[in-house]
Amino acid sequence: HEIIVVDDGSTDGSAELAEATSPAVRVIRQSNSGASVARNSGVAAASGHWIAFLDSDDLWVPDRLERLAEAIDRVPDGVVAVFNDLVEFMPDGTERVRETPVAVLEGEFRLRLLKSWFVNPSCLVVRRDVARAIEFPPGTTHVEDTQYLVLLRRCGELHHVPFPLTRYRKTDSQTTATPRHGLIAVKAHLRFVQERTDIYSAADLMDLRCYYGAELRAAFEVAYWQRDFRVAKEYRDLYATVDPSPEF
């Protein structure tokens, strides 16, 4: 067992705190390069057979690893990762269990994963050989975890442990909580599809353009009626380039 902390250019003393916690903690320091590069650095340094990710703003329930280790002992050889559900909690103490839409992994998962939320990395435990064979996309921010799930699912089956063992901190300042997150996600996913022609066809790209076009139009309406005209214009402008036959 090992604990690897990747210090992605922090300035708040957290790396020093991690080093002082226990001799079992290994700290890797790097200049600020983003979540993808940080996770990839941790994977490269890991020696265990399975790798569990934990982002800096997330929490695990105390017996999470024990329960997932028990599940790993029972899964078939073709399983490349196990994952659990999560609890979202707000600064005011309110919380909700967010059950994972497991059906997204079936059928056309390549497209379905890019159209919906699934899990975040702090819910995953991945086989080391698979984690080293693929990467979190280094050039992608905010939705790199979704693209990673596409690559992970292509390697084999994912096993669901249906318990909320990860706690996900929600704040109004998070990028995912801002209106611009949708813009970032659409641009990143379309770029991913266009670059990964080994995974996606021209028909897949057209499918996603139609889907994202409808999503952008709906987001434009919300931003417009909230009188956030700057963001509304960004949604409208992107919609005009994404939808194959824009209507306005």
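The coordinates are above.
Quantities reported herein were computed from a predicted structural model and do not represent experimental measurements. (Residues numbered from 1 in each chain as written. Predicted model: local features only at pLDDT ≥ 70, side-chain atom pairs only at ≥ 80, totals over all residues. Heavy atoms only, no water.)

As for the layout of surface pockets
Next up, step 1: A volume near 160 Å³ is recorded for the second largest pocket.
Next up, step 2: Around the second largest pocket, the lining residues are E135, P137, G139, T140, Q147, L151, A188, R191, F192, E195 and R196.
Next up, step 3: At the level of secondary structure, the elements contributing two or more residues to the lining of the second largest pocket comprise α6 (144–155) and α7 (181–195).
Next up, step 4: Top element by residues in the lining of the second largest pocket is α7. It accounts for four residues.
Next up, step 5: Along the lines of polarity and charge, the residues of the lining of the second largest pocket split into four nonpolar, three polar and four charged. (1 Å grid on protein atoms, 1.4 Å probe; cavity = no way out; pocket = protein on both sides within 12 Å on 5 of 7 lines; lining within 4 Å. Points joined across faces, edges and corners; volume = space filled by probe spheres on them. Helix = DSSP H or I, 4+ residues; strand = E, 2+ residues; numbered from the N terminus. Nonpolar A, V, L, I, M, F, W, Y, C, P; charged D, E, K, R; others polar.)

As for the side chain of Q30
Next up, step 1: Locating Q30 in the fold gives a position in strand β2 (residues 25–30).
Next up, step 2: Classification of Q30 by relative accessible area gives buried; the value is 17%.
Next up, step 3: Within the local environment of Q30, its side chain forms a polar contact with the side chain of D8, the two groups lying 2.9 Å apart.
Next up, step 4: Among the polar contacts made by the side chain of Q30, one reaches the side chain of S41 at a distance of 2.8 Å.
Next up, step 5: Those residues in contact with Q30 that sit more than four places away from it in its chain are V6, D7, D8, G9, V37, A38 and S41. (Buried < 20%, exposed > 50% of the residue type's maximum accessible area, 1.4 Å probe, protein only. Polar contact = N/O pair within 3.5 Å; in protein donor to acceptor, adjacent residues only side chain to side chain. Contact = heavy atoms within 4.5 Å.)

Digging into the packing of helix α8 (residues 202–225) against helix α9 (residues 229–242)
Relative placement of two packed helices is described by the angle separating their axes and the distance separating the axes.
Next up, step 1: Axis separation between α8 and α9 bottoms out at 8 Å; the angle between their running directions is 160°. On the basis of their axis angle, the class for α8 and α9 is roughly antiparallel. Of the two possible hands of crossing, α8 and α9 adopt the one that is left-handed. Two secondary-structure elements touch here, α8 through R209, Y212, G213, L216, R217, A219, F220, A223 and Y224 and α9 through F229, V231, A232, Y235, R236, L238, Y239, T241 and V242.
Next up, step 2: When the residues that make up the contact of α8 with α9 are grouped by side-chain class, the tally is 13 nonpolar, two polar and three charged. (Axes fitted to C-alpha atoms, helices over the stretch in contact; angles between N-to-C directions. Parallel < 35°, antiparallel > 145°, perpendicular 65-115°, else oblique. Left-handed = near helix turned anticlockwise from the far one by under 90°.)

Topic: unusual backbone geometry
Next up, step 1: At R227, a residue that is not glycine, the phi angle is positive and equals roughly 65°.
Next up, step 2: Residue placement: R227 occurs in the loop between α8 and α9.

Topic: the pattern of salt bridges
Next up, step 1: Under the counting rule described, the total for this entry stands at 19 salt bridges.
Next up, step 2: Taking the shortest distance from any N to any O, the salt bridge between R96 and E88 comes out at 2.6 Å.
Next up, step 3: Note on R96: relative accessible area 48%, which makes it partly exposed.
Next up, step 4: Residues D129 and R127 are paired through a salt bridge, measuring 2.9 Å at the closest nitrogen-oxygen approach. (Salt bridge = Lys/Arg side-chain N within 4 Å of Asp/Glu carboxyl O.)

Structural notes on the packing of aromatic side chains
Next up, step 1: The full count for this structure, using the stated rule, is nine aromatic pairs.
Next up, step 2: An angle of 85° between the planes, with centres 5.4 Å apart, marks the rings of F53 and F136 as edge-to-face. Residue F53 is located in the loop between β3 (50–52) and β4 (58–60), and its partner F136 is located in the loop between α5 (128–133) and α6; the two are separated by 83 residues in the primary sequence. With respect to class, F53 is no different from F136; both count as buried.
Next up, step 3: Geometrically, the ring pair formed by F192 and Y200 is edge-to-face, given 6.0 Å between the ring centres and 70° between the ring planes.
Next up, step 4: By relative accessible area, which is 5% here, F192 ends up buried. (Phe/Tyr/Trp six-rings, centres within 6.5 Å; stacked < 30°, edge-to-face > 60°.)

Quick look at the nonpolar core
Next up, step 1: Counting 48 residues, the largest nonpolar core has L124, V126, Y148 and L152 as its most contacted members.
Next up, step 2: The leading source of residues in this core is α9, at six residues.
Next up, step 3: Beyond its immediate chain neighbours, meaning those up to four positions away, Y148 contacts F53, L124, V126, A131, I134, E135, F136 and P137.
Next up, step 4: Counting residues in hydrophobic clusters, the runner-up holds nine residues, among them L68, I72, V75 and V82. (Core = buried A, V, L, I, M, F, W, Y, C linked by side-chain atoms within 4.5 Å.)

What about a nonpolar patch on the surface?
Next up, step 1: A grouping of Y224, W225 and F229 is seen on the molecular surface, where their side chains present a nonpolar patch of about 390 Å² in accessible area.
Next up, step 2: Following the sequence through the fold, W225 ends up in helix α8.
Next up, step 3: By relative accessible area, W225 is classed as exposed at 67%. (Patch = residues over 30% accessible without salt bridge, like charges linked within 9 Å, V, L, I, M, F, W, Y side chains within 5 Å. Areas by Shrake-Rupley, 256 points an atom, 1.4 Å probe, with all protein chains shown as cover.)

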